[in-house]
Amino acid sequence: MIHRWSPGGVGAPVAQYSHLASVPDSHGLLFISGQVGVREDGVLTGADAESQTRQVFANIGALLAAAGAEPRHLVKLFTMVAGTEHLPGCRAARTEVFKNWFPEGDWPAHSLIVVSALAAPEIVVEVEAVAAVPAAGEPRA
């Protein structure tokens, strides 16, 4: 089981994340490249951060499923947002998704940075992820 926690000795998390996450030996690490708000057909979902962030997490969910994993296997997220004006929309979508993915509030470690731009001017959110996937033959529950 992935262990996520925020011990004493440092300030409490300021958002939906845990300070630490550890992976048991029975799990392999899965590295997910930065995902942007592009649907399977290659079309960007919209110009706003909220719709792009929802699609980013849909893409991450699909990639986890392809690897035999689920959102609960996420260990670390790294979010890049192109400009502070996009933070409210990104946070709103993340909160919505996290309610479903982590109903108990057992959130993965997470870092968020604001950048001046991403790979294309219309892309305003990108998220990388690391998941811990049970090794073959191990229970996935």
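This text follows the structure it describes.
The structure presented is a predicted model; accordingly, all values stated were derived computationally and were not measured. (Residues numbered from 1 in each chain as written. Predicted model: local features only at pLDDT ≥ 70, side-chain atom pairs only at ≥ 80, totals over all residues. Heavy atoms only, no water.)

Caption draft 1: Quick peek at the overall build of the protein chain. In terms of regular secondary structure, the protein chain is built from 2 helices and 6 strands. If you list the helices and strands of the protein chain from N to C, you get β-β-β-α-β-α-β-β. Computed over its C-alpha atoms, the radius of gyration of the protein chain comes to 15 Å, within 12% of the 14 Å expected for a compact globule of 141 residues. Across its three principal axes, the protein chain shows a C-alpha extent of roughly 40 × 40 × 25 Å. Looking at the protein chain as a whole, 41% of its 141 residues qualify as buried. Long-range contacts, defined as pairs at least 24 residues apart, comprise 75% of the intrachain contacts of the protein chain with a sequence gap of at least 6. Carbon and sulfur atoms form 57% of the exposed surface of the protein chain, whose accessible area is close to 7,300 Å². Mean positive and mean negative side-chain charge positions of the protein chain (9 and 14 charges, respectively) differ by 5 Å. (Helix = DSSP H or I, 4+ residues; strand = E, 2+ residues; numbered from the N terminus. Rg over C-alpha atoms; globule rule 2.2 N^0.38 Å. Buried < 20%, exposed > 50% of the residue type's maximum accessible area, 1.4 Å probe, protein only. Contact = heavy atoms within 4.5 Å. Areas by Shrake-Rupley, 256 points an atom, 1.4 Å probe, with all protein chains shown as cover. Lys, Arg positive; Asp, Glu negative; His and termini not counted. Charge placed at Lys NZ, Arg CZ, Asp CG, Glu CD.)

Caption draft 2: Quick peek at the sheet that holds strand 6 (residues 125-134). Spatially, 3-6-4-5 is the arrangement adopted by the 4 strands of the open sheet, whose pairing is mixed. Both edges of this open sheet fall to strand 3 (27-35) and strand 5 (109-115), since each of them pairs with a single strand only. Going across the sheet, the axis of each strand differs from the next one's by a mean of 10°, ignoring polarity. The sheet strands contacting helix 2 (residues 87-101) are strand 4 (74-82), strand 5 and strand 6, and the helix crosses strand 4 at an angle near 160°. (Pairing = 2+ DSSP bridges. Axes fitted to C-alpha atoms, helices over the stretch in contact; angles between N-to-C directions.)

Caption draft 3: Examining the pattern of salt bridges more closely. All chains considered together, the criterion is met by 5 salt bridges. Asp106 serves as the salt-bridge partner of Arg4, at 3.1 Å between the closest nitrogen and oxygen. One end of the pair, Arg4, is in strand 1 (residues 3-5); the other, Asp106, is in the loop between helix 2 and strand 5, and 102 residues separate them in sequence. Look at Arg4 and you get buried, because its relative accessible area is 10%. For the salt bridge of Arg54 with Glu96, the shortest nitrogen-to-oxygen distance reads 3.0 Å. Highlighted residues: Arg54 in helix 1 (residues 49-66) and Glu96 in helix 2, separated in sequence by 42 residues. In this structure Glu96 comes out as partly exposed when scored by relative accessible area, which is 38%. The network of salt bridges with shared partners includes Glu50, Arg54 and Glu96. (Salt bridge = Lys/Arg side-chain N within 4 Å of Asp/Glu carboxyl O.)

Caption draft 4: Broad picture of the nonpolar core. Counting 22 residues, the largest nonpolar core has Phe57, Ile60, Leu64, Leu74, Leu77, Trp101 and Val125 as its most contacted members. Among the elements of the structure, helix 1, strand 4, helix 2 and strand 6 are those that each provide at least two residues to this core. What Leu64 contacts, discounting residues up to four positions off in sequence, is Leu30, Ile32, Ala69, Glu70, Pro71, Leu74 and Ala131. Counting residues in hydrophobic clusters, the runner-up holds 6 residues, among them Val36, Ala82, Leu118 and Ile123. (Core = buried A, V, L, I, M, F, W, Y, C linked by side-chain atoms within 4.5 Å.)

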